[in-house]
Amino acid sequence: MLQQVSRFRFRMVISLVAAIGLVFAWTARAATQQPRVDKLVLNDTIQPVSAGEMDRAITQANSDGAVALLVEMDTPGGLMDSMRAMTGEILRSRVPVIVYVAPSGSRAGSAGFFMLEAADVAAMAPGTEAGAAHPVFEFGKPDETMNEKIVNDAQAFLRSYVTQRGRNAEAAAAAVQSSHSYTAEEALTQHLIDLVATSDADLLAKLDGREITRMDGSKATLHLAGARIEVVKPTLRENMLGWLVNPNIALLLLVAGALLIYLEFNAPGTIVPGTLGTLMVLLGIFGLDLLPIRYTAVLLLVAAMVLLALEAKFGGHGALAIAGIICLTFGTLTLVDAPVPQMNVSPWVAIAVSAGFGGITVFLVRLAVRARRRKSLLGVDAMVGNTASAMEALNPEGHVLVEGEIWRAVASQPVPAGARLRVVGHEQYLLRVEPAEPSQTRA
């Protein structure tokens with residue numbers, strides 16, 4: 001009887017192990033057969049950092065077996081050069097690219113509109129908008145002829161692939177020519193996008209089995225039923241660059257670093273302020289180098305430094321300092337001349353940095369100038385104005401005691417021993433003294 005029970009238990013264990021193995025095998029097979037969609041979340045301005053993220057995401061999607069790349073977009077726009085690079089990556093991708101303006105309240109403004117229209121599938125969530133793609137010029141408004149050339153070039157670039165995607169070229173051109181914007185429903189009616197979806201799952205369900213036309217004219221059918229979405233996370237490098245490309249952060253790093261370096265010059269050997277300040281200045285310059293810089297603003301910043309230094313050295317009843325702070329404020333406000341406000345320096349940051357940096361600079365430079373002037377009063381020069389005591393009768397020369405030191409001195413009239421004197425000048429190492437009145441003595 002015991003042997004039969006043991007055999008039964010053994011068979012049960014074997015059956016359970018086999019069942020578990022079958023479940024794991026089925027799960028692994030289902031996972032391998034389940035389509036994969038890579039997803040890039042792009043909710044920033046269009047600039048070199050976001051261009052690098054797009055390039056990496058498309059490269060990964062083309063090599064990891066993904067059936068499509070989903071780009072969730074929310075951007076006010078950005079730099080034209082970066083937009084062209086990102087659009088080119090989308091058009092050249094072997095894997096179909098789906099650009100989805102989401103969630104509700106998002107937009108694909110300016111440069112983002114070009115990328116939306118470049119996608120194999122263009123989609124928007126309810127309550128989103130796209131358009132307003134008229135070029136904004138970085139260095140002032142050009143003349144009428146140049147303006148027409150730039151606008152026509154942007155329109156031609158947009159038409160070159162909008163027509164190939166089977167979308168409405170005229171409605172797309174209106175977004176460039178007259179900065180027209182479209183809601184999700186309007187964009188769908190105008191054939192600027194392919195569908196409106198409420199979520200990622202809804203989007204993939206609606207696209208399953210849909211046939212799309214690639215840029216080379218070939219047809220492809222999307223198989224997205226039950227697809228798993230793998231988010232392409234930003235790397236540490238991209239996170240750091242995304243932080244540095246913020247013009248407010250870059251400006252604060254630049255100013256704080258400059259103050260630390262100045263502190264190192266005034267207190268040599270401390271090392272830490274100089275090292276940290278140099279690192280901060282380099283990071284600030286690196287961040288600003290990723291953005292369009294107006295060189296007239298750089299000249300204003302240089303002029304501000306000169307005015308603040310002159311105020312500290314010569315004094316101008318505050319007039320030079322005020323002029324320097326004004327130049328500093330206008331320089332920081334116009335330093336980054338980007339096509340969208342989100343890429344410019346915040347007015348509050350510019351005013352706070354200018355006032356604070358200007359005041360601190362004047363204060364520190366004045367301290368340095370005073371310290372340098374004090375250095376010239378060492379030795380015999382430092383004796384002038386001090387009180388002295390006659391160690392012997394001066395008639396007219398003799399020895400006097402000044403600040404605990406014995407000096408030879410000459411008086412303008414005979415002086416008895418022990419008399420209180422005042423040093424009024426010197427000839428090399430011979431002091432000139434006069435009898436000191438009580439009000440003229442100095443401790």
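These numbers come from a predicted model, not from an experiment.

Each value, and the rule that gives it
Residues numbered from 1 in each chain as written. Predicted model: local features only at pLDDT ≥ 70, side-chain atom pairs only at ≥ 80, totals over all residues. Heavy atoms only, no water. Helix = DSSP H or I, 4+ residues; strand = E, 2+ residues; numbered from the N terminus. Polar contact = N/O pair within 3.5 Å; in protein donor to acceptor, adjacent residues only side chain to side chain. Contact = heavy atoms within 4.5 Å. Phe/Tyr/Trp six-rings, centres within 6.5 Å; stacked < 30°, edge-to-face > 60°. Buried < 20%, exposed > 50% of the residue type's maximum accessible area, 1.4 Å probe, protein only. Salt bridge = Lys/Arg side-chain N within 4 Å of Asp/Glu carboxyl O. Expected span 1.5 Å × (residues − 1). Pairing = 2+ DSSP bridges. Axes fitted to C-alpha atoms, helices over the stretch in contact; angles between N-to-C directions. Core = buried A, V, L, I, M, F, W, Y, C linked by side-chain atoms within 4.5 Å. Arc of directions from axis to C-beta. pLDDT = per-residue confidence, 0-100.

S.K.: Looking at this model, I keep getting lost on the side chain of K39. Mind explaining?
M.R.: If you trace the backbone, K39 turns up in strand 1 (residues 36-42). Here E72 takes part through its side chain, which lies 3.0 Å from a polar atom of the side chain of K39. Discounting chain neighbours no more than four positions away, the residues touching K39 are L69, L70, E72, D200, I229, E230, V231 and V232.

S.K.: Explain the packing of aromatic side chains here, please?
M.R.: How two aromatic rings sit relative to each other is given by the distance of their centres and the angle of their planes. Considering all chains together, one arrives at two aromatic pairs under this definition. Seen in terms of ring centroids, F114 and F157 are 6.3 Å apart; in terms of plane orientation they differ by 25°. Their pairing is stacked. Of the two residues, F114 sits in helix 4 (residues 111-118) while F157 sits in helix 5 (residues 144-162), which places them 43 residues apart along the sequence. With a relative accessible area of 1%, F114 lands in the buried category. Judged by centre distance (5.4 Å) and plane angle (80°), the rings of F157 and Y161 are edge-to-face. Placement of the pair is F157 and Y161 together in helix 5, with a separation of four residues, close to one helical turn. Judged on exposure class, the residue F157 and its partner Y161 are both buried.

S.K.: Quick question: what am I supposed to make of the pattern of salt bridges here?
M.R.: Enumeration over the complete set of coordinates arrives at 14 salt bridges. For E72, the salt bridge identified is with K39, shortest N-O distance 3.0 Å. One end of the pair, E72, is in strand 2 (residues 68-73); the other, K39, is in strand 1, and 33 residues separate them in sequence. Residue E72 is classed as buried on the basis of its relative accessible area of 15%. Among the ionic pairs, R228 bridges to E230, the shortest N-O distance being 3.4 Å. The class of E230 is partly exposed, set by a relative accessible area of 31%. Connected via shared salt-bridge partners are R36, D38 and D64.

S.K.: Explain helix 2 (residues 48-61) here, please?
M.R.: Every α-helix carries 3.6 residues per turn, so stepping three or four residues along brings you back to the same face. An ideal rise of 1.5 Å per residue puts 20 Å on 14 residues; helix 2 measures up with 20 Å between its terminal C-alpha atoms. Packing partners of the buried residues in helix 2 comprise strand 1, strand 2, helix 3 (80-92), helix 4 and helix 9 (236-244). Its side-chain oxygen 2.8 Å from the backbone nitrogen of V49, Q47 forms the N-cap of helix 2.

S.K.: What is the right way to look at the pairing of strand 5 (residues 121-124) in this model?
M.R.: On a regular strand, each side chain points to the face opposite its neighbour's, so the side chains alternate between the two faces of the sheet. By the alternation rule, side chains of strand 5 split into V121 and A123 and A122 and M124, which are all buried. Bridge count for strand 3 (residues 97-101) against strand 5 is four bridges, and the pairing is parallel. Bridge pairing links I98 to V121 in strand 5. Sheet topology places strand 5 next to strand 8 (residues 195-196); two bridges connect them, and they run parallel. Residue pairing across strands places A123 opposite L195, the latter belonging to strand 8.

S.K.: Got a minute to help me understand the sheet that holds strand 12 (residues 387-390) in this structure?
M.R.: Strand pairing in a sheet is mediated by backbone hydrogen bonds. Such pairs are either parallel or antiparallel. As summarised here, the arrangement of the five strands in space is 12-13-14-16-15, forming a closed barrel in which the pairing is mixed. Recorded for the sheet is a direction-independent mean angle of 55° between the axes of neighbouring strands. Here two bridges tie strand 12 to strand 13 (residues 397-402), and the two strands are oriented antiparallel to one another. Looking at the pairing, A390 lines up with V400 of strand 13.

S.K.: Looking at this structure, I do not really get the nonpolar core. What am I missing?
M.R.: Generally speaking, soluble globular proteins have nonpolar side chains that are buried together. Counting 49 residues, the largest nonpolar core has M54, F114, M115 and L116 as its most contacted members. Apart from the residues within four sequence positions on either side, L116 is in contact with V99, V101, A108, A122, A123, M124, A130, R167 and I193. Ranked by size, the runner-up nonpolar core spans 26 residues in total, among them L79, L291, L307 and A338.

S.K.: Any chance you could explain the sheet that holds strand 6 (residues 129-131) here in plain terms?
M.R.: The sheet built from three strands is open, its strands ordered 4-6-7 with mixed pairing. The sheet is open, and its two borders are formed by strand 4 (107-109) and strand 7 (181-183), each paired with just one other strand. Across this sheet, the average inter-strand angle for adjacent strands is 20°, counted without regard to direction. Where strand 4 meets strand 6, three bridges bridge the pair, whose relative direction is parallel. Paired with G109 across the strands is G131, a residue of strand 6.

S.K.: What is the right way to read helix 8 (residues 200-207) from this model?
M.R.: Turning to helix 8, its buried residues are D200, L203, L204 and L207. Buried positions in helix 8, seen along its axis, are confined to an arc of 95° and lie on one side of it. In helix 8, the exposed residues that point more than 90 degrees away from the buried face are A201 and A205. Residues of helix 8 that are buried in the fold lie against strand 1, strand 2, strand 3, strand 5, strand 8 and strand 11 (228-231). At the C-terminal side of helix 8, G209 shows a positive phi close to 85°.

S.K.: How should the confidence of the model for the protein be read in this particular structure?
M.R.: Fine structural detail should not be taken from predicted coordinates in areas where pLDDT scores are low. Per-residue pLDDT for the protein has a mean of 82; in total, 83% of the residues score no lower than 70. Confidence drops under a pLDDT of 50 for residues 439-443, and excluding neighbours within four residues, the segment shows nine contacts in the predicted structure.

S.K.: I'm lost on unusual backbone geometry in this one. Help?
M.R.: When glycine is set aside, most residues are seen to have a negative phi, and most peptide bonds are trans. A cis geometry characterises the amide bond from A102 onward to P103, with omega recorded as -5°. Tracing the chain through its elements places P103 in the loop between strand 3 and strand 4. The peptide bond linking N395 to P396 adopts the cis configuration, its omega dihedral lying at 0°. The backbone of S110 shows a phi angle near 50°, a positive value even though the residue is not glycine. Turning to its location among the elements, S110 is positioned in the loop between strand 4 and helix 4.

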